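Inside the fold
For reference, the chains in residue letters:
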Amino acid sequence: MLRTANHGTNRERPRRTGRWGAALVAALAALLFLATGTAQAAGPSPSPSGHHKKTSKVYLKATPETAKSVRGGDKPIKPPSLSGAHKDGALTTPVSSITPNECLAQSSSRSGNGYGKDRFASCQAYHLHAWHVVCDWLFGCDQVGTADADLVDIQYTGNGARDAYIVQFVGNWVQDGDMSEITLTVNTTCTASAGSGPCNTVSGSPTTEPVEQWVLGDEFLYYSFEQPVGVGADQVSNAHLNWHITVAGGENGPVTRDGPDSGLRCDSASYIIQAGGSIGCVFPWVAPQTLVIHRGTTPESAQNIWEAQNTPLSTQPPSTLLGMPFKSIPGSPAGGRPLHRDRDHITAHRNTARAACRTYFPGKYPAPNTDCDEYPFASTQEGAVDVGDFRNYVVKPIDSDDNQQAGRDLGDFYADQRILGSNDIHDPFYVSVQP
């Protein structure tokens, strides 16, 4: 207990601390000791000026949030010429182009490989959020600044060259607080798959600027890559296209977020070239494309396909399953079961189909100016297969000119869309009958 002598003056006597007061004084003394002694060895030291030492850290997220529209983002963006950088000439304009706002509007652009408009145009869209934190060794950490932006990564391939071209938008910036010491780097890379030809950079490189410089305006960045050679008879090569975002400036080092893979496949298949096509590249993960057969051009072929897809039990040859009539023929987009190109069994499929035409249409086949039309096509894995009573295909004698025009349309579709069908690659596709 503390005691104070009274010498007759009018001083106020000190208050007794009591047991709890003594404990509080002891605790404060311990804290003072830790702050000036033991704690000093375990943590940062006070700066010579007497201020507490501070550390700066940066962080980054890339999230599939719904982003807002891009200013001026409704203008189609097509890849420019590669200015003779390849022996095969400039990159052919793809079948479709994608605008930044179109990409942002697609929910699929934020998951998986992204949004595939067709086999030659795809994109990804993500929201970027970077933040700057300053930490004081004694008083904790404070978020002192943030920066938000939208990233749109549009990828193109095409017929005519084994190339990929990327147009990248970084914009819609919103900054709050202090980001003055922070830099942001944007880049896209192409990495060859194991066993494939190399993926070479033709143009484009990482772009690094202070965040506050990025915030001043929206930017479009451009990259291009080539896979000049592949493997096997079709010279097939595969690669991975990925975007990368890095923030730096904090003492925790650069922080990088990598975008999802947008798989690329290039080929120089001789049967594509001989059919009037060329070398080229596609995004093979894009949903199967659809061959349209027009009634106005090939009415008899169109009708045969329509009956196969919609009224299969009315077609020949008859088919049964467990003794009951049954036929389920793939290829319709509505049915969800695609066909798959196969060049290895065309003769066997055609022989089976022609035998069925002779059996079920005597007197009509063979006949002058008449072909045996089969569906699914002989050039698919689903072609005419005759196993017991399970005949899941249709045949019908039709006009030769009609049948051969439909065959040319199919061949053009294969070449234009780079539908491969040899070795281990059997690309899927659908067939739709239209007026």
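This write-up is about the structure you can find in this document. These figures come from a predicted structure and were not determined experimentally. (Residues numbered from 1 in each chain as written. Predicted model: local features only at pLDDT ≥ 70, side-chain atom pairs only at ≥ 80, totals over all residues. Heavy atoms only, no water.)

Some remarks on the side chain of Asn304
Tracing the chain through its elements places Asn304 in helix H6 (residues 299-310). Once residues within four sequence positions are removed from consideration, Asn304 is found in contact with Asp373, Val394 and Lys396. (Helix = DSSP H or I, 4+ residues; strand = E, 2+ residues; numbered from the N terminus. Contact = heavy atoms within 4.5 Å.)

Some remarks on the packing of aromatic side chains
One pass over the structure, following the stated rule, counts 10 aromatic pairs. Arranged with centres 6.2 Å apart and planes meeting at 15 degrees, the rings of Phe326 and Phe390 form a pair that is stacked. With Phe326 in the loop between strand E16 (324-325) and strand E17 (339-340) and Phe390 in strand E20 (residues 390-391), the pair connects residues that are 64 residues apart, well separated along the chain. Classification of Phe390 by relative accessible area gives partly exposed; the value is 35%. Linked through ring pairs, Phe413, Tyr414 and Phe429 together constitute an aromatic cluster. (Phe/Tyr/Trp six-rings, centres within 6.5 Å; stacked < 30°, edge-to-face > 60°. Buried < 20%, exposed > 50% of the residue type's maximum accessible area, 1.4 Å probe, protein only.)

Focus: the pattern of salt bridges
Once their charged atoms are close, side chains differing in charge can pair, the charge on each being opposite to the other. Going through the model one piece at a time under the given rule, you end up with five salt bridges. Here Asp427 and Arg265 are joined by a salt bridge, their closest N and O atoms 2.8 Å apart. Placement of Asp427 in the loop between strand E23 (425-426) and strand E24 (428-434) and of Arg265 in strand E12 (residues 262-267) is noted, with a sequence separation of 162 residues between them. Per residue, the accessibility class of Asp427 equals that of Arg265, and both read buried. Residues participating in the shared-partner salt-bridge network are Arg119, Arg265 and Asp427. (Salt bridge = Lys/Arg side-chain N within 4 Å of Asp/Glu carboxyl O.)

Some words on the state of the cysteines
The final tally for this structure, using the stated rule, is five disulfides. Between the sulfur atoms of Cys266 and its disulfide mate Cys281 the distance is 2.0 Å. Disulfide Cys266-Cys281: torsion about the S-S bond near 100 degrees, hence right-handed. Remark: Cys281 occurs in strand E13 (residues 280-282) and Cys266 occurs in strand E12; sequence separation between them is 15 residues. Here Cys357 connects covalently by a disulfide to Cys372, the sulfurs 2.0 Å from one another. Here the disulfide of Cys357 and Cys372 is right-handed, its torsion about the S-S bond being about 85 degrees. Residue Cys357 is found in helix H7 (residues 346-360), and its partner Cys372 is found in strand E18 (residues 370-375); the two are separated by 15 residues along the sequence. Taken in N- to C-terminal order, the disulfide-linked cysteines of the protein are connected 1-2, 3-4, 5-6, 7-8, 9-10. (Disulfide = S-S within 2.5 Å.)

Section: the sheet that holds strand E14 (residues 289-294)
Ordered in space as E14-E24-E17, the three strands form an open sheet in which the pairing is mixed. Here the strands that pair on one side only, and so sit at the sheet edges, are E14 and E17. The pairing of E17 with E24 spans two bridges and is classified as antiparallel. Note on E24: the bridge partner recorded for Leu339 is Phe429. Packed on one face of the sheet, H6 meets E14 and E24 and runs near 115 degrees to E24. (Pairing = 2+ DSSP bridges. Axes fitted to C-alpha atoms, helices over the stretch in contact; angles between N-to-C directions.)

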